[in-house]
Amino acid sequence: MSIRPIDVARTDGGPLWVEAVATPAGVEVWWDEPRPHEGGRRCVVRRLPDGSRVDALPAGWNARNRVIEYGGRSWRPLPGGGLVFTNWADQRLYRLDGASQGDDGPVALTPEGPARYADLYLPPGRDEVWAVREIGTERDLVAVPLSGGPVRVIVRAQHFLMCPRLSPGGGHVSWIGWDHPNMPWDGTELCVAPLGADGVAGPHTVVAGGPAESVVQAEWRDEDALYAVTDPTGWWNIHLVSREGGPYRNLTPRAEEFGDAPWKPGASWFAVTDAGLVVVHGTADRWSLSVLDPETGGLRDVGGEATYWGPTVSAAGGMAVAVMATPYTPRQVVLVDLARGAREVMSAPKPLPARELLPDPEAVTIEGVHAHLYPPAGAPAGPAPYVIFVHGGPTGNRPMVLDLEIAYFTSRGLGVAEVNYGGSTGYGRAYRERLRHQWGVVDVEDCAKVARGLVTMGRADAARIAIRGGSAGGWTTVAALVHSDVFAGGVAHYAITDPESWAAETHDFESRYLDGLIGPLPETRDRYTERSPLLRAAHASGPCLMLHGLEDAIVDVGQAERFVAELDRHGRRWALLTYPGEQHGWRREETIVSVLEAELAFYGLLFGFETPEVPPLKLEGRP
């Protein structure tokens, strides 16, 4: 017995955003969830106090946006059961009243045009929604009347902005901003400005952050101070920051993270309640959910056995809602009673395979490199074939949770090792900055260290180790193939294969990312040339399967096409599969199935086992 591709597709992904709303009848819980079987749309779901669940977003509507191409917070519930959201098809903001989820449908609040909106926020006492608006490469914070009307610019400041918040008394606005060449995990500024009677911010003061300090979330405590997740100590801790600026106090002086890389504007790792702050904290090996006493710094666990809590937390009515997972349960929305610690799953259960088909993961450190090992099903008589999984980003991590994509392979006798290589988040700034100017070197070496360590431990067969990853993980995959001899082959999903051309053709958000990962151009062009997998294709240690979406605006499909052309020219083996309608990542059920089947067929060819249950895969080039 093994896990089928359709099983993976139907449990793929999880909620991105949650919200708790106090009502006279009790606490309502709202969240969004992926619907691969509905063309990959994201549907907003509402769970009423009586326990019933309803789709708050009608069929055909998709609560997603493309701000900085990765998207950000895309919806907020309105009083009375309504909803304000961004729609994928046209990127406009819409209002859907609770009573008009039938014939009337959503009503557009913003005009047609090039504008995109994200990081939605409802300022208390104002009949408007605030958002980050993006037009081309320009961004500002705007207010959109919920009853309709012209869009008002509140803040025009840094090149990138997120986390707009109104102070409790309504007199000030705060936000987080940064400029090129920084990424938001390098250095950001927490800004505060007076809010005029016209609803426009005055001159601002930077109260926290800087070129080498990253503020990733801030919420007002009262009119005079804010709680902020920032990392002057080298760890994203929660600090108390004065509205006027000046020294600030670390409330959680621990070698733990209370935040992470904000790839999607709108992420939240804590929520303010009367009982204290509900916080997500830990490392990439285990995240916890606790209540923080801001006066004493004490943490009271309310998360139980979960090994992962997502970057979305909301609280109301003595309850908190968040997204949790374990190695045996998928990401699911959970309501937590903050007084009693009781937890109740809100989201609908997903069909799961038998427990014996799920691997028992183990967190390990091999030569200073963090990794999670997922052993193959059964008890192999000797060393097993292994696949090294490389996460994207590269500023990100892989948590230790149930992932049916991994279980799909382990149920067929393949071991999996997720590598949180140097540069990964979840282990402090020093570990994160091991990758500075070393992308294509440290990540490749760390993956090779884990692979060789598995061989030394007697777990992996040295001749049967592959590597795979997506986006930046795809880059590490192809870089490892051409810069090391450890891997028998690789699978690269929507991969970067040539850094200099990618820097010139990618979107604005990441257009200066490589300044920190490799070095600024043109001064360090030699590094780009030396590390480019495209220019080293002749040295590939094995065949490569490339998989790419044809609507990818982050990594153009030309990156894959040029790489396989070079493999072919040098007599190396390859396959390239492309998918219409897919962007940077797989969202459609049929695509997820096809990708998994192709990847399994590839490993069958690579490691010498039969895969009769999936369509055959043909490798091009000379054997």
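Residues numbered from 1 in each chain as written. Predicted model: local features only at pLDDT ≥ 70, side-chain atom pairs only at ≥ 80, totals over all residues. Heavy atoms only, no water.

- As annotated in an unreviewed UniProt entry, the protein carries the name Dipeptidyl aminopeptidase/acylaminoacyl peptidase and is attributed to Nonomuraea roseoviolacea subsp. carminata.

**Quick word on the overall build of the protein**
Part 1: Along its length, the protein carries 10 helices and 36 strands.
Part 2: Scaling as 2.2 N^0.38, a compact globule of 623 residues should have a C-alpha radius of gyration of about 25 Å, and the protein matches this with 24 Å.
Part 3: Its C-alpha atoms give the protein principal-axis dimensions of roughly 70 × 55 × 50 Å.
Part 4: By residue count, 62% of the 623 residues in the protein fall in the buried class.
Part 5: In the protein, 56% of the contacts between residues at least 6 apart in sequence involve partners at least 24 apart.
Part 6: A total accessible area of about 22200 Å² is found for the protein, and carbon and sulfur atoms account for 50% of it.
Part 7: For the protein, the distance from the average position of its 57 positive side-chain charges to the average position of its 79 negative side-chain charges is 2 Å. (Helix = DSSP H or I, 4+ residues; strand = E, 2+ residues; numbered from the N terminus. Rg over C-alpha atoms; globule rule 2.2 N^0.38 Å. Buried < 20%, exposed > 50% of the residue type's maximum accessible area, 1.4 Å probe, protein only. Contact = heavy atoms within 4.5 Å. Areas by Shrake-Rupley, 256 points an atom, 1.4 Å probe, with all protein chains shown as cover. Lys, Arg positive; Asp, Glu negative; His and termini not counted. Charge placed at Lys NZ, Arg CZ, Asp CG, Glu CD.)

**A few points about the packing of aromatic side chains**
Part 1: Under the defined criterion, the tally for this structure stands at 22 aromatic pairs.
Part 2: Ring geometry for Phe 85 against Tyr 94: centres 5.7 Å apart, planes inclined by 20°, an arrangement best described as stacked.
Part 3: Its relative accessible area of 0% is what places Phe 85 among the buried residues.
Part 4: Measuring from centroid to centroid gives 6.0 Å for Phe 602 and Tyr 603, while their planes differ by 65°, and the two rings are edge-to-face.
Part 5: By relative accessible area, Phe 602 is classed as buried at 1%.
Part 6: Here the aromatic cluster, defined as three or more aromatic residues joined through ring pairs, consists of Tyr 70, Phe 160, Trp 178, Trp 185, Trp 263, Phe 509 and Tyr 513. (Phe/Tyr/Trp six-rings, centres within 6.5 Å; stacked < 30°, edge-to-face > 60°.)

**Concerning unusual backbone geometry**
Across residues other than glycine, the phi torsion is negative in most instances, and most of the peptide bonds are trans.
Part 1: Pro 181 follows His 180 through a cis peptide bond whose omega is 5°.
Part 2: As for its placement among the helices and strands, Pro 181 is situated in the loop between strand S14 (172–178) and strand S15 (189–194).
Part 3: Pro 522 follows Leu 521 through a cis peptide bond whose omega is 5°.
Part 4: Position of Pro 522 relative to the elements: it lies in the loop between helix H7 (513–517) and helix H8 (525–531).
Part 5: Of note in the backbone geometry, Ile 68 takes a positive phi value of approximately 45° without being a glycine.
Part 6: Overall, the relative accessible area of 6% leaves Ile 68 in the buried class.

**Concerning helix H10 (residues 589–607)**
Part 1: A rise of 1.5 Å per residue sets the reference length of H10, with its 19 residues, at 27 Å; its end C-alpha atoms lie 27 Å apart and thus fit the reference within 8%.
Part 2: Buried residues dominate H10, accounting for 16 of its 19 residues.
Part 3: One or two steps after H10, the chain reaches Gly 608, where phi turns positive at roughly 80°. (Expected span 1.5 Å × (residues − 1).)

**Some points on the pattern of salt bridges**
Part 1: Under the criterion given, the structure shown has 45 salt bridges.
Part 2: Among the ionic pairs, Arg 398 bridges to Glu 418, the shortest N-O distance being 2.8 Å. With Arg 398 in the loop between strand S31 (384–390) and helix H2 (404–410) and Glu 418 in strand S32 (residues 415–420), this residue pair connects regions lying 20 residues apart in the sequence.
Part 3: Among the residues examined, Glu 418 registers a relative accessible area of 2% and is labelled buried.
Part 4: Counted as one network, the salt bridges with shared partners bring together Arg 66, Glu 69, Arg 116, Glu 134, Arg 139 and Asp 508. (Salt bridge = Lys/Arg side-chain N within 4 Å of Asp/Glu carboxyl O.)

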